[in-house]
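Structure at a glance
The lines below spell out each chain.
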There are 2 protein chains.
Amino acid sequence: MNREQLIRQIKEKKSFLCVGLDPDMEKMPDCVKGEDDPVFAFNRQVIDATLPYAVAYKPNTAFYEAYGLKGMLSLKKTIDYLRDKEVFTIADAKRGDIGNTSARYAKAFLGKDGDFDFDAVTVAPYMGSDSVRPFLKEDGKWVVLLALTSNAGSSDFQTAEGCTPPLYQRVLETSRQWGTPENMMYVVGATKAGMLREIRRIVPEHFLLVPGIGAQGGDLDDVCENGLIPDEAGLLVNASRSIIYASSARDFAAAAAQEAARMQQQMSRHV
Amino acid sequence: MNREQLIRQIKEKKSFLCVGLDPDMEKMPDCVKGEDDPVFAFNRQVIDATLPYAVAYKPNTAFYEAYGLKGMLSLKKTIDYLRDKEVFTIADAKRGDIGNTSARYAKAFLGKDGDFDFDAVTVAPYMGSDSVRPFLKEDGKWVVLLALTSNAGSSDFQTAEGCTPPLYQRVLETSRQWGTPENMMYVVGATKAGMLREIRRIVPEHFLLVPGIGAQGGDLDDVCENGLIPDEAGLLVNASRSIIYASSARDFAAAAAQEAARMQQQMSRHV
């Protein structure tokens, strides 16, 4: 899905909601645990229920790899199921390696003839340009580069004193030359909404993928006020646990839909 | 395998060689391509041939994920095969995410009851302490944290001007407090051997995993001179392409053994 198609979806649904598909058997309702593939059964029902309110879905690969080969099969079924819908798909894999190796990761998560044909993959910037550029060579696909993350540890290096500019700003300033607003986005944690205005100054045209709303406590209106691009949104706001675990009972899908609808309504005021 | 056992292996084999298992169908000899699982068939023969000369094996997950579910099955067979040998096993996965998510990656690559029971996993530091600490909770397992990588892009952030100390030194100074020399190592690219002495000053007791020897052009004697810990080695020197693709013909395993033996002999002078 290209930028124009993504913006059209955002306008049609009046939503820039991304649903994080992070299945955890300990949090999943008992009613799916009897299925052959509980993880996929859970995802499918969450996707069906939230589809009217979400424009993007983001499985985090850790939650699938934790279940080994079985989990990777659940991930394949999930991306295959999502490919039939008109949604933007992000493999939240946070990969990155030396050039010839990153090219293999690009093939793994963005390759059209591979098992995991996502629209985008999240990439970690630590190893620099030649670790990111191979992902940008996949035609029609996207890199979502980590800039400022939503966790406490982001203060260890990303915003640490002693660097001018701070590392997360250097990552933005350097990497914006590697791709374009047509094939690159940035991860910016909502818990740092105060820094969003500064980030928008550095990357005025790029989409920002914003985690940390909901369970992690970020405020949606703050994010919109500081991060929105007029008439294009330029934001994908991700919520995972607050939606997919809104209920741990038989009504989990309905509860997920209700929470997604609540966020969509809040977003609709800004689109 | 703990530090004491690893050092014993190094002394017994007079080698601190780590063989990188990065299978690429385009470089693999035709004679294995007919096998049901060419990747595992290739790895098994490389492992059998190089075992007298190597103390560690490091599959890079990108080369398996690139082949989708089939590739992940090849990776499982490879780690299961390695578990029966007395060698140190590293999943070169360069993972890292927010705390609860890194805990899932730890389970995936270090969990004793999982599909991929490695001794160690490589981790990217960008997201800071809470993205690394969950890996250190796996009993008897190791984190190998990226510090200074061997690729050109390492100059974009790791050694970039404007940071005092440089980012790679800050990563070493900050992260050495997260674990101990019993459960943490660092990736230090051999192509930066000149910086090894400075790195040894910051982490005098930690093992260093050194890629970039061979195909990437680093010099082994330089690395030993600047990085060795007397009587403990404190180094794992990795070579991938120069060993596993020493020959692309039917004699690939013998050629791999010959190149591994050549490096082991060079190392034996330093052990």
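Our structure's up above, just so we're on the same page.
Residues numbered from 1 in each chain as written. Chains lettered and ligands numbered in written order. Predicted model: local features only at pLDDT ≥ 70, side-chain atom pairs only at ≥ 80, totals over all residues. Heavy atoms only, no water.

**So, the interface of chain B and chain A**
- With 60 residues of chain B in contact, the opposing surface of chain A contributes 60 residues.
- A combined buried area of about 5000 Å² lies between chain B and chain A, and 58% of that area is made up of carbon and sulfur atoms.
- Sorting the residues of chain B by area buried against chain A places B:R104, B:Y126 and B:F157 first, and these three jointly supply 20% of that buried surface.
- Taken together, chain B and chain A are joined by six salt bridges.
- Residue B:R104 pairs with A:D24 through a salt bridge whose shortest N-O separation is 3.8 Å.
- For the interface between chain B and chain A, the tally reads 34 residue pairs in polar contact (both at pLDDT 80 or more).
- Of all the secondary structure elements, the ones that give two or more residues to the side of chain B that touches chain A are α4 (62–65), α5 (68–83), β3 (88–95), α6 (99–110), α7 (129–136), β5 (142–148) and α8 (167–175) of chain B.
- Per element, the largest residue contribution to the side of chain B that touches chain A is seven residues, and it comes from α6(B).
- Looking at side-chain class alone, the side of chain B that touches chain A contains 27 nonpolar, 18 polar and 15 charged residues. (Contact = heavy atoms within 4.5 Å. Buried area = accessible area lost by both parts, 1.4 Å probe. Salt bridge = Lys/Arg side-chain N within 4 Å of Asp/Glu carboxyl O. Polar contact = N/O pair within 3.5 Å; in protein donor to acceptor, adjacent residues only side chain to side chain. Helix = DSSP H or I, 4+ residues; strand = E, 2+ residues; numbered from the N terminus. Nonpolar A, V, L, I, M, F, W, Y, C, P; charged D, E, K, R; others polar.)

**Some details on the packing of helix α6 (residues 99–110) of chain A against helix α7 (residues 129–136) of chain A**
Residues and elements named next belong to chain A.
- Where α6 contacts α7, the two axes come as close as 8 Å, and the packing angle between them is 35°. Where α6 crosses over α7, the handedness of that crossing is right-handed. Along the contact surface, α6 presents G99, S102, A103, Y105, A106 and L110, while α7 presents D130, S131, P134 and F135.
- Residue classes in the contact of α6 with α7 are distributed as six nonpolar, three polar and one charged. (Axes fitted to C-alpha atoms, helices over the stretch in contact; angles between N-to-C directions. Left-handed = near helix turned anticlockwise from the far one by under 90°.)

**What to know about the pairing of strand β8 (residues 235–239) of chain A**
Residues and elements named next belong to chain A.
- For β8, the tally of buried residues reaches five of five residues, placing the bulk of the element in the interior.
- The side-chain alternation of β8 yields two buried faces, one formed by L235, V237 and A239 and the other by L236 and N238.
- Pairing of strand β1 (residues 17–21) with β8 involves three bridges; the strand directions are parallel. Each bridged residue has a counterpart across the sheet, and for C18 the counterpart in β8 is N238.
- Across three bridges, the pairing between strand β7 (residues 207–210) and β8 is parallel. Its bridge partner being in β8, V210 is matched across the sheet by V237. (Buried < 20%, exposed > 50% of the residue type's maximum accessible area, 1.4 Å probe, protein only. Pairing = 2+ DSSP bridges.)

**Some details on the relation of the copies chain B and chain A**
- Each copy of the sequence occupies a distinct position, and chain B is placed on chain A by a rotation of 180° and an axial shift of 0.0 Å, giving an RMSD of 0.0 Å. The two molecules are tied by a two-fold rotation axis, judged by turn and shift. Distance from the rotation axis, computed per C-alpha, reaches its smallest value in chain B at B:C163: 2.1 Å.
- The overlap is high: 100% of the interface residues of chain B also sit at the interface in chain A, so the same surface is used on both sides. (Least-squares fit on C-alpha atoms with pLDDT ≥ 70 in both.)

**Notes on the environment of A:C163**
- Within the fold, A:C163 resides in the loop between β5 (142–148) and α8 (167–175).
- With residues near it in sequence (within four places) discarded, A:C163 still touches B:G162 and B:C163.

**Some thoughts on the state of the cysteines**
- The tally for this structure, following the rule as stated, stands at one disulfide over all chains.
- Two residues, A:C163 and B:C163, share a disulfide whose sulfurs are 2.1 Å apart. Looking along the S-S bond of the A:C163-B:C163 disulfide, the torsion reads about 125°, which is the right-handed sense. Here A:C163 is found in the loop between β5 and α8, whereas its partner B:C163 is found in the loop between β5 and α8 on a different chain. The pair A:C163 / B:C163 is uniform in exposure class, with both members buried.
- Free cysteine: A:C224, not disulfide-bonded; nearest cysteine sulfur from A:C18 at 14 Å.
- Of the residues examined, A:C224 reaches a relative accessible area of 2% and is grouped as buried. (Disulfide = S-S within 2.5 Å.)

**What to know about the sheet that holds strand β7 (residues 207–210) of chain B**
All names here are of chain B.
- With parallel pairing, the eight strands of this closed barrel are ordered in space as β1-β2-β3-β4-β5-β6-β7-β8. With strand direction ignored, the average angle separating the axes of adjacent strands in the sheet is 30°.
- Strand contacts of helix α10 (residues 220–227): β7 and β8 (235–239), with the helix running at about 160° to β8, the strand carrying the most contacts.

**A few points about the environment of B:Q45**
Residue and element names in this part refer to chain B.
- You can see Q45 is positioned in helix α3 (residues 38–50).
- Residues Q45 and A93, spaced 48 residues apart in sequence, show a C-alpha to C-alpha distance of 23 Å.
- Not counting residues up to four positions away in its chain, the partners in contact with Q45 are V32, F252 and A253.

**Some details on α6(B)**
- Taking 1.5 Å of rise per residue, twelve residues should cover 16 Å, and α6(B) covers 16 Å from first to last C-alpha, within 8% of that figure.
- With nine of twelve residues buried, α6(B) is to be regarded as a mostly interior element.
- When α6(B) is considered as a whole, its buried residues turn out to be B:G99, B:T101, B:S102, B:R104, B:Y105, B:A106, B:A108, B:F109 and B:L110.
- In this structure, the buried residues of α6(B) make contact with α4 (62–65) and β3 (88–95) of chain A together with β3, β4 (120–123), α7 and β5 of chain B. (Expected span 1.5 Å × (residues − 1).)

That's the geometry; what it means functionally is another story.
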